[in-house]
Amino acid sequence: MTQTRPAPAPVQDAPRRRRVHRAWFVAAVTFVTIIGAAAFRSLPGLLIDPLHAEFGWSRGTIGAAVSVNLALYGLTAPFAAALMDRFGIRRVVTVALTVIALGAGLTVWMTAPWQLILCWGLFVGLGSGSMALAFAATVTGRWFTSRRGLVSGILTAASASGQLIFLPLLSWIVEHHHWRPAAVTVALAALAVVPFVWLLLRDHPADVGLKPYGATEFVPKPPPVTGAARRALTVLASAVRTGQFWLLAGSFAICGASTNGLIQTHFVPAAHDHGMPVPAAASLLAVIGVFDVLGTIASGWFTDRFDSRRLLAVYYALRGISLLFLPMLLGPAVHLPMVFFIVFYGLDWVATVPPTLALCRERFGEDSAIVFGWVLASHQIGAAVIAWLGGFARDVFGSYDMVWYASGSLCAAAALMSLVIRRRPPVVAVA
C-alpha cells in the first residue's frame, strides 16, 4: 500500500514592508523649497533703519518698496498657479527662485529709491509670488486626497521655518557686516534650492505611476492648460460673483495687514524705537516663527476635524486682542509679558491659511488653487497697504501705536466676516 505524502503547505509571502508614499517626499521638497525662498522675506524689516541711515531715505519711501514687493507677491500668485498647470510646477518654481536671487543680488549696487523698488519690489516680488502659498495649494491638491489640511499646515509652516532659520543670521550680518552681505546671503539661499527643485520635484503622481496619497483610483495627468493668464482672469470673473469670495478675500486682506505688512515689516524698527537692540528684536521675530510652525500644523489638524469658519473667527479675534496690548509691552529689554505675546501671536501667525484654503477648495473645486491665489493676492494687498502706512505713520506721528490699535480693530472685523461665510451644502446622491 502506497502512502501518499501530504502536500506541502503553501509558502506564505513574507509581509511587505510598507513604503512611504512618494507624495510625502514631494511635500518634503516643497517644504525645503519654501524655506529657502523664505530667506528674502526675513530681510525687509531689517533694512529699514540701515537704508534710512545710509541713504537718508524716509521710512515711507522704503516701506513703498516693501509694499510693491508684497503686492506683487499676491498678484502674481493666481497667474503662477495657472502657469503651473501649463508648464509644470518644477519649471515655474525654478525660474521663480532664479528671479529672486537676481533681484536680491542686484540691490548691492543700488544708489536710488527707484532701484530698491525695481530690485526688491519688482524682481523679488514677482519671483516670490510664484513661490507663494498657491504653490503649496497646487502640490497639496495634486498629490494628496486625504490629510490635505495637515499637509497644508505643514507647507504653510515652511515659511515660518525659513524665518526662524534666517532672521537671527541676517540680523547678525546686518549688525556686524552691514546690509549688503545680508542681501547676498538671501540671493545665495534662493539659488541653493534650485538643484533640489529640478532634480527631486515632480509635477503629478501620474508622472511616476502612482495614485495621489489616499486616493482609491489612479488619476491620469491632465493635459497642459493653455492660456494661463486668460484662465486666471476667467476664474476670477466667476469667483467675484459669489459673496463667499469677497468674505474670504476681505478677511484674508486683514490677515496680511496684521502679519506680513505689520509685524514682519515694522516689529523690529518699532522695538528698536523703544531701545531694544536689533538682534534681540529679530530674535523675537524668529521665535514667532517657532510657534508659527506649531500653530499652523495644529491648525491643519483642526481643519480636518472642525468647522473652518469658526476656526477663522477664533484666530482673528485672538490676534486682534494681542495687537491691542502690544504698545504696552514694547521696551528696551525682553520681559515675560513680551515673551507671552510672542508665543501667543506666533501660534496664530498663519494659522488662518489651512481653514481659508479648505473653504476655497470646498466652494470652488478644481479652480480652488487659482481662487486661493486671488484670495492670497488680497492678503498681500492688505499687507502692502499697512507696510506703507506703517512707515508713513511712523514718519508723521513718531511712533507705531496708532497702527497697532487700528490693526487690532480690523482683526475683530475679520472675525465677524468669517462667521457669515456660507458653506457649500454637501451633494446628496439620488438613488
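The structure displayed is predicted, hence computed values, not measured ones. (Residues numbered from 1 in each chain as written. Predicted model: local features only at pLDDT ≥ 70, side-chain atom pairs only at ≥ 80, totals over all residues. Heavy atoms only, no water.)

## Focus on the packing of helix 12 (residues 278–303) against helix 14 (residues 336–348)
Here's step 1: For the pair helix 12 and helix 14, interaxial distance at closest approach is 6 Å and the crossing angle is 40 degrees. In terms of their interaxial angle, helix 12 and helix 14 are classed as oblique. Classified by chirality, the crossing of helix 14 by helix 12 is right-handed. Of the residues in helix 14, those in contact with Leu284, Val287, Ile288, Phe291, Asp292, Leu294 and Gly295 of helix 12 are Met338, Ile342, Val343, Tyr345, Gly346 and Leu347.
Here's step 2: Here the contact of helix 12 with helix 14 is built from residues that sort into 10 nonpolar, two polar and one charged. (Axes fitted to C-alpha atoms, helices over the stretch in contact; angles between N-to-C directions. Helix = DSSP H or I, 4+ residues; strand = E, 2+ residues; numbered from the N terminus. Parallel < 35°, antiparallel > 145°, perpendicular 65-115°, else oblique. Left-handed = near helix turned anticlockwise from the far one by under 90°. Contact = heavy atoms within 4.5 Å. Nonpolar A, V, L, I, M, F, W, Y, C, P; charged D, E, K, R; others polar.)

## Some details on the confidence of the model for the chain
Here's step 1: Per-residue pLDDT for the chain averages 79, and the proportion of residues at 70 or more is 88%.
Here's step 2: No element of the chain has a lower mean pLDDT than helix 7 (residues 148–177), which averages 75, and none a higher one than helix 10 (residues 243–258), which averages 90.
Here's step 3: Contacts of residues 7–16 to residues separated by more than four positions or lying in other chains number zero contacts, the stretch itself having pLDDT below 50.
Here's step 4: Here residues 426–431 is modelled with pLDDT under 50, and outside its nearest four sequence neighbours on either side it reaches zero contacts, counting other chains as well. (pLDDT = per-residue confidence, 0-100.)

## Looking at the state of the cysteines
Here's step 1: Overall, the coordinates contain zero disulfides when judged by the stated rule.
Here's step 2: Note on cysteine 255: no disulfide assigned, nearest cysteine sulfur contributed by cysteine 411 at a separation of 8.0 Å.
Here's step 3: Taking relative accessible area as the criterion, cysteine 411 reaches 0% and is therefore assigned buried. (Disulfide = S-S within 2.5 Å. Buried < 20%, exposed > 50% of the residue type's maximum accessible area, 1.4 Å probe, protein only.)

## What about the pattern of salt bridges?
Here's step 1: Applying the stated rule across the entire model yields four salt bridges.
Here's step 2: Measuring nitrogen to oxygen at the nearest pair gives 2.9 Å for the salt bridge that ties glutamate 54 to arginine 180. One end of the pair, glutamate 54, is in helix 2 (residues 44–55); the other, arginine 180, is in helix 8 (residues 179–200), with 126 residues separating them in the sequence.
Here's step 3: With relative accessibility at 33%, the residue glutamate 54 sits in the partly exposed group.
Here's step 4: Taking relative accessible area as the criterion, arginine 180 reaches 25% and is therefore assigned partly exposed.
Here's step 5: Taking the shortest distance from any N to any O, the salt bridge between arginine 394 and aspartate 273 comes out at 2.6 Å. Residue arginine 394 is found in helix 16 (residues 368–397), and its partner aspartate 273 is found in helix 11 (residues 260–273); the two are separated by 121 residues along the sequence. (Salt bridge = Lys/Arg side-chain N within 4 Å of Asp/Glu carboxyl O.)

## Some details on the nonpolar core
Here's step 1: Grouped together as the largest cluster of nonpolar side chains are 116 residues, with contacts concentrated most on Leu43 and Ile263.
Here's step 2: When residues in this core are grouped by element, the largest group, 10 residues, is from helix 8.
Here's step 3: Contacts of leucine 43, omitting those with residues within four sequence positions, involve Trp120, Leu170, Val174, Ala182, Ala183 and Val186.
Here's step 4: Core analysis: the second largest hydrophobic core is formed by six residues, Val66, Leu70, Ala71 and Ala383 among them. (Core = buried A, V, L, I, M, F, W, Y, C linked by side-chain atoms within 4.5 Å.)

## Some remarks on helix 12
An α-helix turns once every 3.6 residues. As a result, residues three or four positions apart point the same way.
Here's step 1: Look at helix 12: 36 Å from first C-alpha to last across 26 residues, which is about the 38 Å you get at 1.5 Å a residue.
Here's step 2: Where helix 12 bends most, at phenylalanine 291, the angle is about 25 degrees. (Expected span 1.5 Å × (residues − 1). Bend = angle between axes of the 7 residues up to and from the residue.)

## Considerations on the packing of aromatic side chains
Here's step 1: Inspection of every chain in the model, using the stated rule, returns 13 aromatic pairs.
Here's step 2: Pairing phenylalanine 252 with phenylalanine 372 gives two aromatic rings, centres 6.0 Å apart and planes at 50 degrees, and the pair type is tilted. Taken together, the residues phenylalanine 252 in helix 10 and phenylalanine 372 in helix 16 connect sequence positions 120 residues apart. Like phenylalanine 252, the residue phenylalanine 372 is buried in the burial classification.
Here's step 3: Among the aromatic residues, ring-to-ring pairing joins Trp24, Phe144 and Tyr213 into one connected group.
Here's step 4: One residue, arginine 90, lies across the ring of tryptophan 198, its end atom 4.5 Å from the ring centre.
Here's step 5: Taking the ring centre of phenylalanine 364 as reference, the NZ or CZ of arginine 363 above it sits at 5.2 Å. (Phe/Tyr/Trp six-rings, centres within 6.5 Å; stacked < 30°, edge-to-face > 60°. Lys NZ or Arg CZ within 6 Å of the ring centre and 35° of its normal.)

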